[in-house]
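# Chains, contacts and geometry: an overview
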Amino acid sequence: MLNRRTLLTGLAGVLTAAALPLWAETPVFFAEDGAAIRGYDTVAYFTEGTPVPGAPTIAVMWKGALWHFASHENRAAFEANPRAFAPQFGGYCAYAVARGYTTDTDPTAWQIVDGELFLIHSPEVARLWAEDIAGNIDGARRNWPAVLDR
């Protein structure tokens, strides 16, 4: 009986692991040292219109990354609807994702387009991004999330 129970438990674990990709969301956010957006407050981009450093003491864990906030109100807004504030393409450089690869971002190189936050690698790359924003977003959407496997 013990052998059958062990076998059934093991089989259940294998089946659960095999089914996991069918229902689980990909928890992929660029998080240097564990903090998303290098510790900047993602809500502040929308409410303040500028990058604002968050406080490690006002934080929440979401999708495998620690999100810092400048205020408890911003943290509450994020917790109520994180997808409304999280950067697109896992917080990786939207310009790079449009070209089929990932790279880190500079929290001061960003843009909100149609209510979505896009982070860019650097101010220099942000100038390239601005030459064809719609095309870059379309390209990045085509490549995401497959670009993570490259």
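Structure's up top.
Now for a look at the structure at hand. Owing to the predicted nature of the structure, the values given are computational and were not obtained by experimental measurement.

### Section: unusual backbone geometry
Following W144, the chain continues to P145 via a peptide bond in cis, the omega torsion being 0°. Secondary-structure assignment places P145 in the segment after α7 (133-143). Of note in the backbone geometry, I37 takes a positive phi value of approximately 50° without being a glycine. Within the fold, I37 resides in the loop between β2 (35-36) and α2 (42-47). By relative accessible area, which is 4% here, I37 ends up buried.

### Overview of the pattern of salt bridges
Under the defined criterion, the tally for this structure stands at four salt bridges. One salt bridge in this structure joins R38 and E32, with 2.5 Å as the shortest N-O distance. The shortest N-O distance in the salt bridge between E79 and R75 comes to 4.0 Å. Taken together, the positions of E79 and R75, both in helix α3 (residues 72-80) and four residues apart, correspond to about one turn of that helix. Residue E79 is classed as partly exposed on the basis of its relative accessible area, which comes to 47%. Among the ionic contacts, a cluster of salt bridges with common partners joins E32, R38 and D104.

### A closer look at the environment of E116
Looking at where E116 falls in the secondary structure, it is placed in strand β6 (residues 116-120). Judged by its relative accessible area of 22%, E116 falls in the partly exposed class. Not counting residues up to four positions away in its chain, the partners in contact with E116 are F46, Q88, Q111 and R141.

### Considering the packing of helix α6 (residues 123-130) against α7
It is the contact of α6 with α7, at a shortest axis distance of 7 Å, that shows an interaxial angle of 100°. In terms of orientation, α6 lies roughly perpendicular with respect to α7. Facing L128, W129 and A130 of α6, the residues of α7 in contact are I133, N136 and I137. Split by residue class, the contact of α6 with α7 holds five nonpolar, one polar and no charged.

### Quick look at the pairing of strand β4 (residues 65-69)
In terms of burial, β4 is largely enclosed, as four of its five residues are buried. Where strand β3 (residues 55-62) and β4 come together, five bridges link them in antiparallel fashion. What sits directly across from W62, in β4, is A65.

### A word on the environment of A140
Tracing the sequence through the fold places A140 in helix α7. With 45 residues separating them in the primary sequence, A140 and Y95 have C-alpha atoms 7.3 Å apart. Those residues in contact with A140, other than ones at most four positions away along the chain, are F89, A94, V97 and A98.

Definitions and limits used
Residues numbered from 1 in each chain as written. Predicted model: local features only at pLDDT ≥ 70, side-chain atom pairs only at ≥ 80, totals over all residues. Heavy atoms only, no water. Helix = DSSP H or I, 4+ residues; strand = E, 2+ residues; numbered from the N terminus. Buried < 20%, exposed > 50% of the residue type's maximum accessible area, 1.4 Å probe, protein only. Salt bridge = Lys/Arg side-chain N within 4 Å of Asp/Glu carboxyl O. Contact = heavy atoms within 4.5 Å. Axes fitted to C-alpha atoms, helices over the stretch in contact; angles between N-to-C directions. Parallel < 35°, antiparallel > 145°, perpendicular 65-115°, else oblique. Nonpolar A, V, L, I, M, F, W, Y, C, P; charged D, E, K, R; others polar. Pairing = 2+ DSSP bridges.

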